[in-house]
Amino acid sequence: MTKKMSMSTSKTSLVLFLCQIISALDVPLDLSQPPTITQQSPKDYIVDPRENIVIQCEAKGKPPPSFSWTRNGTHFDIDKDAQVTMKPNSGTLVINIMNGGKAEAYEGVYQCTARNERGAAVSNNIVIRPSRSPLWTKEKLEPNHVREGDSLVLHCRPPVGLPPPIIFWMDNAFQRLPQSERVSQGLNGDLYFSNVQPEDTREDYICYARFNHTQTIQQKQPISVKVFSMDSLNDTIAANLSDTDIYGAKPVTERQPVLLTPTGSASTKVELRGNVLLLECIAAGLPTPVIRWIKEGGELPANRTFFENFKKTLKIIDVSEADSGNYKCIARNALGSVHHVISVTVKAAPYWITAPRNLVLSPGEDGTLICRANGSPKPSISWLANGVPIAIAPEDPSRKVDGDTIIFSHVQERSSAVYQCNASNEYGYLLANAFVNVLAEPPRILTPANKLYQVIADSPALLDCAYFGSPKPEIEWFKGVKGSILRGNEYVFHDNGTLEIPVAQKSNAGTYTCVARNELGKIQNEVQLEIKDPTMIIKQPEYKVIQRYGQVSFECIIKHDSTLLPTVTWLKDNDELPDDERFLVGKDNLTIMNVTDKDDGTYTCIVNTTLDSVSASAVLTVVARPNPPFDLELTGQLERSIDLSWIPGDENNSPITSFVVEFEDALHEPGVWRYQTEVPGTQTMAQLKLSPYVNYSFRVIAVNRIGRSQPSEPSEQYLTKSASPDENPANVQGIGSEPDNLVITWEPLKGFQSNGPGLQYKVSWRQKDVDDEWTSVIVANVSKYIVSGTPTFVPYEVKVQALNDLGYAPEPSEVIGHSGEDLPMVAPGNVQVHVINSTLAKVHWDPVPLKSVRGHLQGYKVYYWKVQSLSRRSRRHIEKKILTFRGNKTFGMLPGLEPYSSYKLNVRVVNGKGEGPASPDKVFKTPEGVPSSPSFLKITNPTLDSLTLEWGSPTHPNGVLTSYTLKFQPINNTHELGPLVEIRIPANESSLILKNLNYSTRYKFYFNAQTSVGSGSQITEEAVTIMDEVQPLYPRIRNVTTAAAETYANISWEYEGPDHANFYVEYGVAGSKEDWKKEIVNGSRSFFVLKGLTPGTAYKVRVGAEGLSGFRSSEDVFETGPAMASRQVDIATQGWFIGLMCAVALLILILLIVCFIRRNKGGKYPVKEKEDAHADPEIQPMKEDDGTFGEYSDAEDHKPLKKGSRTPSDRTVKKEDSDDSLVDYGEGVNGQFNEDGSFIGQYSGKKEKEPAEGNESSEAPSPVNAMNSFV
């Protein structure tokens, strides 16, 4: 809500213009002129009798006038009264009262006359009256005994003072008596009771009269009022009459309205024009009447009509003759109405239509003085000349009186005089002085020369040319010193000489010349006009809503003329900002810190310059959580319900949206408040449902958009009667904890649900589908009962019923439970395995009979583990993996198998107690697969025409290697590839010398291994043959190797070239057309870990060096490992494993001691051993959790990985390898139930120590193998 205000410059100009008109009629004081009264005391002058009386009379003229006074129509000789003095060069009288004078002695009508050789001016008749504040006359006041419901008037009758006093009613404590539609004060000061009530009884009704002139307050004696109610009257009568009397006070009866003031049905009222009309109607009646006002035959005047004193007073301001008429007041209650008509007549003391004005004439000119006034009745007009009635004044042949006009013809200097016009009727008079001054004067310009005027563009410009001359000069304006005379609609020429440019533009700036001429001469004057840009607020403050204790800022950014200096002032509610350090006024903003409720209001930014003023306002609304409700009241108390009402607290500018009702049970949970109900914010009452045997207290919390209020004060307490329980415990269950018991549990009733003392529970059970009777037991203060000696896992019907000292709850519903489970007795039979491909198998089994499950069937677990790799023999640990299949499923898929390996598996049934016995182990083998890429490829010994290639066998051959394939091709200087050459190499080879190559040529090599199934992933490298003895080309990056895990890969390389190269790694999904992703390597390291990779995905990678003309390594391809099943290891609980670990720890301790002794003896280690022992950990492939690379590592990986080594990459189940859906895959042992009760499992791993051939295990190295490697 933003409001913009601007002070109009045209209004300022209008005021200036009017002032100029007045000044143009003034005669310069250096010229002869008759007297003019400039200041005088008011006609009706009430003075303080304790202070000196000052009667003002000031006048001007040339020569300076002399002064004289009349008192009560006769000359007042001030020289004969020592108490009276006249101020020097003034006609003002000072009557000395403070030095012994009496104000009453100087009451009267005074008139001042100012006189010089050209005439005499007179003042109004000034009536002097001292103010009076007389004491109250003593009177004996009888107590007022009033019957309840009757009307009453307490009369004030204040003493007559001058001016009349202000009346008000107070008590002995000087507190104003409360007034209402029933009790109010009349215009005459009396206190009116439309009907009295018992609470009106008091002994200190005191009327006070305040006399403002003397600053005194007079007090009337206290008035006593005693109101008798009907009940007390009946009790008094009954105490004084016998049983046989039939007399008694009548009950309070309702009465139709009766007017207390004014009386009768009609009255009249006369008021003077311009005054305030006050009409009053006060009525008695029960119920209290309501007053309504109408004007017969017309409407009450809009914008001038006000209702006061609870509509008992009609107030019309600034009345005129049009307000005359009949005004009717109507008093109405439920029993009827009464009315009164007041006939209003508006009279008028004389008021000016045309007041006479001073007249300046040159000899021989003509002129007129006009004096026109109106009034009701019409005033009479009379003329005086120099204070003397014109009829007896000296004759002047140039003067002729024609009613309200004096006509002057061919005046001469002797015609100069002061004329008085008197307009009077019975309600007052008007007296005006106007002189006729006959002068012969050449023109003179009164405006200062070269005066500078500055105005705002698009505003009126008023250029002053105040002048005087006799005869009256003619005025002309010119633009510039030698410009042409100004004419046309663009300008307005005023009679006082002012030139107005209605809409001033920049082009209007410049010098203006004013020329005044008459028959006696000519004169001119120059003024300057500058046009300024308007001041604007280009960013106004905006409406803000802020929470209490927050911070708010209003902006006020301005644009102004560069030559004007603006001042910015901030107002709050059109007043100065509070003197508070929380208000920070900046250059173009106002900030309020720590806002409080009192900061709510309208903030105005006012920008002032010397020429204009603009402002803009915005409202700040401070919101907060509502204040708490109060005055909680309980009504309509019943056994099961009660009505609660309250009064809302202040909503703090954010409407209350709802009320929350809470209750406390002081009997069962004292101090704990619980939710009862919530009602809309427009509702202040709620009907609350109650429970038996609860000692209720209630409180209410108000809620608005900001938050919740503090709780209200608690209501009174209400204790409900006891009853039998209405409800039974919830969540009843029967679940066995042991094979021979049934545990019955329930959710106990809360205290307020007990409905009475002695809360207990009747627990009943019987075996389902067996014709048994219910067995029952009654318990208290528990929520569980155990039934022992039950058969294993049989269904039971269970129910729990609440009861207390007053009876039982309704019959409870039955639930089905089961006695305790036991471990399954039978293993699944007929286990069959179907190998689908080298990494996937499908297992089938026959379900276990439900009786043999002996519990809730949760699913089946398949344990499977790799026995050995068929391509190599090595010792290794066995890692058992577990897949769990929910429900009664009889098959499942085994993913993530390793090709060319021997596996075993067994199947177990699972219930709520645990796992049953395992089925006999089933052996199956996976077929060969394609191998992983060779572990490394090195190119050494470059010559003019040969290169030596060395490689490592694949980390995971996944079968019997049949051969290697080498492909290579030359690369020219533009990185274009030449013809591709392919060579087949036997599987038992590990190196090759390539001859007959071109000298000084770069070659790119592609190398992979094959099994009978097919070719594996390839590894690439680049190398250059030499030219004579020249060193290989620099720089170059070669031997890029990768070691990949599921989600990350360790990239390493060799670099030859200048020092301090900045490397980067680029990678992407193999075969994808997406752009390469780039990772910057910190420092000059030759390794980098790529993270956030997708399991089972083939990636391409290459390494480059910044600033080396875009030089990069050849591409390498690697594949992340598949998401593997989780592992569950339980060997740590085996005694033999604990003993073995202790022996290993002892052996390590002995070795450390031996090493320490050798070191102290100066023993040395080969450099190679040191390098291996202290290899940079960042070069080694790392696991995220234990520092080794990959989530799984085979026993054949026990050796530390060196540069160029690679992990298996072909661990992914290809989509084309199996048609089985992944839905058939099992889940791990840590599975949970779905919301629908179905079982969900996860992969889990389980380690067991078993001997195995070869070095093909996919597990991490065992501590024993680690020790063997160490030794």
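Every chain is numbered on its own, with residues counted from 1 as its sequence reads. With pLDDT at 70 or above as the cut-off, local features in this predicted model cover only qualifying residues; side-chain atom pairs require 80 or more to be listed or tallied, and sums for whole chains, interfaces and linings still use all residues. Side-chain descriptors were evaluated using all non-hydrogen atoms of the structure, hydrogens and water having been removed beforehand.

Peer 1: Tell me about the overall build of the protein, and name the residues and values.
Peer 2: Helix and strand counts for the protein come out as six helices and 96 strands. Evaluated residue by residue, the protein yields a buried proportion of 45% over its 1271 residues. Only carbon and sulfur atoms are counted for the fraction: they give 51% of the accessible area of the protein, which is about 64,500 Å². The numbering of helices and of strands both runs from the N terminus, where a helix is a DSSP run of H or I of at least 4 residues and a strand a run of E of at least 2. The buried label applies to any residue whose accessible area, calculated with a 1.4 Å probe on protein chains only, is under 20% of its type's maximum; exposed applies above 50%, and partly exposed to all values in between. What sets the accessible areas is the Shrake-Rupley method with a 1.4 Å probe; for residues, cover comes only from the shown protein chains.

Peer 1: Run through the sheet that holds strand β41 (residues 461–463), naming residues and quoting values.
Peer 2: Pairing between strands is defined by DSSP: at least two bridges between the two strands are required. On the basis of which strands lie adjacent, the open sheet formed by three strands has the order β41-β45-β44 and antiparallel pairing. Each of the sheet's edge strands pairs with one partner strand only, and the pair in question is β41 and β44 (492–493).

Peer 1: So what's going on with the state of the cysteines? Which residues, and what values?
Peer 2: Any two cysteine sulfur atoms within 2.5 Å of one another count as a disulfide. Tallied over the full model, the rule gives six disulfides. Disulfide partner of Cys57: Cys112, at an S-S distance of 2.0 Å. Between Cys57 and Cys112, the S-S torsion sits near -70°, and that sign places the bridge as left-handed. Note that Cys57 is positioned in strand β5 (residues 57–62) and Cys112 in strand β10 (residues 108–116), a separation of 55 residues in sequence. Classification of Cys57 by relative accessible area gives buried; the value is 0%. Owing to a relative accessible area of 0%, Cys112 belongs among the buried residues under this scheme. The disulfide partner of Cys156 is Cys207, and the S-S distance across this bridge is 1.9 Å. For the disulfide bridge between Cys156 and Cys207, the dihedral angle about the S-S bond is near -70°, and by the sign convention the bridge is left-handed. Taken together, the residues span a long stretch of sequence, with Cys156 in the loop between β14 (152–154) and β15 (166–170) and Cys207 in strand β18 (residues 202–211) at a distance of 51 residues.

Peer 1: How would you summarise a nonpolar patch on the surface if you had to cite specific residues and measurements?
Peer 2: What goes into a patch is any residue over 30% in relative accessible area without a salt bridge, connected to like charges within 9 Å or, for nonpolar side chains (Val, Leu, Ile, Met, Phe, Trp, Tyr), within 5 Å. The term salt bridge refers to a pairing of a side-chain nitrogen on Lys or Arg with a carboxyl oxygen on Asp or Glu at a separation within 4 Å. Residues Leu1146, Leu1149, Ile1150, Ile1153, Val1154, Phe1156 and Ile1157 make up a contiguous nonpolar surface patch of about 650 Å² in total accessible area. Position of Phe1156 among the secondary structure elements: in helix α4 (residues 1135–1160).

Peer 1: Help me get a handle on the sheet that holds strand β31 (residues 367–370), residues and values and all.
Peer 2: Reading across from one edge, β31-β36-β35 is the order of the three strands in this open sheet, with antiparallel pairing throughout. Looking at strand neighbours, the two that pair on one side only are β31 and β35 (399–402), the edges of this open sheet. The mean inter-strand angle of the sheet, taken between neighbouring strand axes irrespective of direction, is 20°. For β35 and strand β36 (residues 405–408), the ladder comprises four bridges, and the chain directions are antiparallel. Residue pairing across strands places Val401 opposite Ile406, the latter belonging to β36. Between the N-to-C directions of two axes lies an angle of 0 to 180 degrees, each axis being a line fitted to C-alpha atoms and, for a helix, fitted only over the stretch in contact.

Peer 1: So, unusual backbone geometry: which residues are in play, and what are the values?
Peer 2: The step from Lys62 to Pro63 runs through a cis peptide bond, and the omega angle for that step is 0°. Of note, Asn386 is a non-glycine position whose phi angle comes to about 55°, a positive value. One non-glycine residue, Asn958, lies in positive phi territory at about 55°. Take Asn958: it is sitting in the loop between β81 (947–954) and β82 (963–971). According to the relative accessible area criterion, Asn958 is buried, its value standing at 9%.

Peer 1: Provide a residue-level description of the environment of Thr604, including the pertinent values.
Peer 2: By secondary structure assignment, the location of Thr604 is in strand β56 (residues 601–608). As for Thr604 and Ser617, which are separated by 13 residues in sequence, their C-alpha atoms are 4.1 Å apart. A polar atom in the side chain of Thr604 sits 2.6 Å from the side chain of Ser617. Throughout this description, a polar contact denotes any pair of N or O atoms lying within 3.5 Å of each other; where both atoms belong to protein, one of them has to be capable of donating a hydrogen while the other can accept it, and for residues adjacent in sequence the pair is counted only when both atoms sit in side chains.

Peer 1: For the packing of aromatic side chains, give the residues involved together with the corresponding values.
Peer 2: Pairing of aromatic side chains requires ring centres within 6.5 Å, counting the rings of Phe and Tyr and the six-membered ring of Trp. Pairs whose planes differ by under 30 degrees are stacked, by over 60 edge-to-face, and all others tilted. Taken as a whole, this structure holds 25 aromatic pairs when the rule is applied. Each ring, one from Phe168 and one from Tyr208, has its centre 5.7 Å from the other, and the planes form 5°; the classification is stacked. In this pair, Phe168 sits in strand β15 while Tyr208 sits in strand β18, placing the two residues 40 residues apart along the sequence. Among the residues examined, Phe168 registers a relative accessible area of 6% and is labelled buried. For Tyr208, a relative accessible area of 4% puts it in the buried group. Among the aromatic residues, those joined into a ring-pair cluster are Phe168, Phe174 and Tyr208. Over the aromatic face of Tyr351 sits the side chain of Arg273, whose NZ or CZ is 3.9 Å from the ring centroid. Whether a charge lies above a ring is judged from NZ of Lys or CZ of Arg, which has to be within 6 Å of the ring centre and within 35 degrees of the ring normal.

Peer 1: So what about the nonpolar core? Which residues, and what values?
Peer 2: Ile53, Ile55, Trp69, Ile95 and Tyr110 are the most contacted members of the largest nonpolar core, which totals 28 residues. Breaking this core down by element, the ones donating at least two residues are β4 (53–55), β5, β6 (66–71), β9 (93–95), β10 and β12 (126–130). Ranked by residues supplied to this core, first place goes to β10 with three residues. Residue contacts are counted whenever heavy atoms from the two residues lie within 4.5 Å of one another. Among all residues touching Ile55, those that are not within four sequence positions of it are Ser41, Trp69, Gly91, Thr92, Leu93, Ile95, Tyr110, Ile126 and Ile128. Core analysis: the second largest hydrophobic core is formed by 20 residues, Trp646, Phe663, Val679 and Tyr696 among them. What we call a nonpolar core is a set of buried Ala, Val, Leu, Ile, Met, Phe, Trp, Tyr and Cys residues that are connected through their side-chain atoms within 4.5 Å.

Peer 1: An account of the pairing of strand β74 (residues 840–846) is needed here, citing residue identities and associated values.
Peer 2: Across the seven residues that make up β74, a large majority, five, are buried. Hairpin connection between strand β73 (residues 829–837) and β74: a loop of two residues separates the two successive antiparallel strands. Examined bridge by bridge, β74 and strand β77 (residues 891–894) share four bridges and lie antiparallel to one another. Across the sheet, Ala841 pairs through a bridge with Leu894, a residue of β77.

Peer 1: Give me the pattern of salt bridges: which residues, what numbers.
Peer 2: Applying the stated rule across the entire model yields 38 salt bridges. When the shortest N-O distance is used, the salt bridge between Lys220 and Glu139 registers 2.3 Å. Of the two residues, Lys220 sits in the loop between β19 (216–219) and β20 (223–228) while Glu139 sits in the loop between β12 and β13 (144–147), which places them 81 residues apart along the sequence. Accessibility expressed as a relative area gives 4% for Lys220, which makes it buried.

Peer 1: Lay out the environment of Ala1070 with the relevant residues and their values.
Peer 2: Mapped onto the elements of the fold, Ala1070 is located in the loop between β89 (1062–1069) and β90 (1077–1080). Residue contacts for Ala1070: discarding those within four places in its chain leaves Ala1098, Tyr1099, Lys1100 and Val1117.

Peer 1: Pulling in residues and values, what's your account of the confidence of the model for the protein?
Peer 2: pLDDT is a residue-level measure of predictor confidence that goes from 0 to 100. Considering every residue of the protein, the mean pLDDT works out to 84; 84% of them sit at 70 or more. Between residues 241–250, whose pLDDT stays under 50, and residues either more than four places distant or in other chains, the model counts eight contacts. Note on residues 1162–1271: pLDDT under 50 across the span, and 305 contacts to partners over four residues away in sequence or across chains.

Peer 1: Give a description of the side chain of Lys866 that names residues and reports values.
Peer 2: By the secondary structure assignment, Lys866 is in strand β75 (residues 857–869). The exposure class of Lys866 is buried, given its relative accessible area of 4%. A distance of 2.5 Å separates polar atoms of two side chains, one belonging to Lys866 and the other to Glu898.

Peer 1: Can you break down the pairing of strand β60 (residues 656–665) residue by residue, with the values?
Peer 2: The element β60 is extensively covered by neighbouring structure, given that nine of its ten residues are classed as buried. Across nine bridges, β60 lies against strand β63 (residues 695–704) in antiparallel orientation. Residue Phe663 lies in a different strand from β63, and its bridge partner there is Phe698. Inspection of the sheet shows β60 paired to strand β61 (residues 669–680) by eight bridges, in the antiparallel sense. Along β61, the bridge assignment pairs Ser658 with Pro680. Taken together, β60 and the strand that follows it, β61, pair antiparallel across an intervening segment of three residues.

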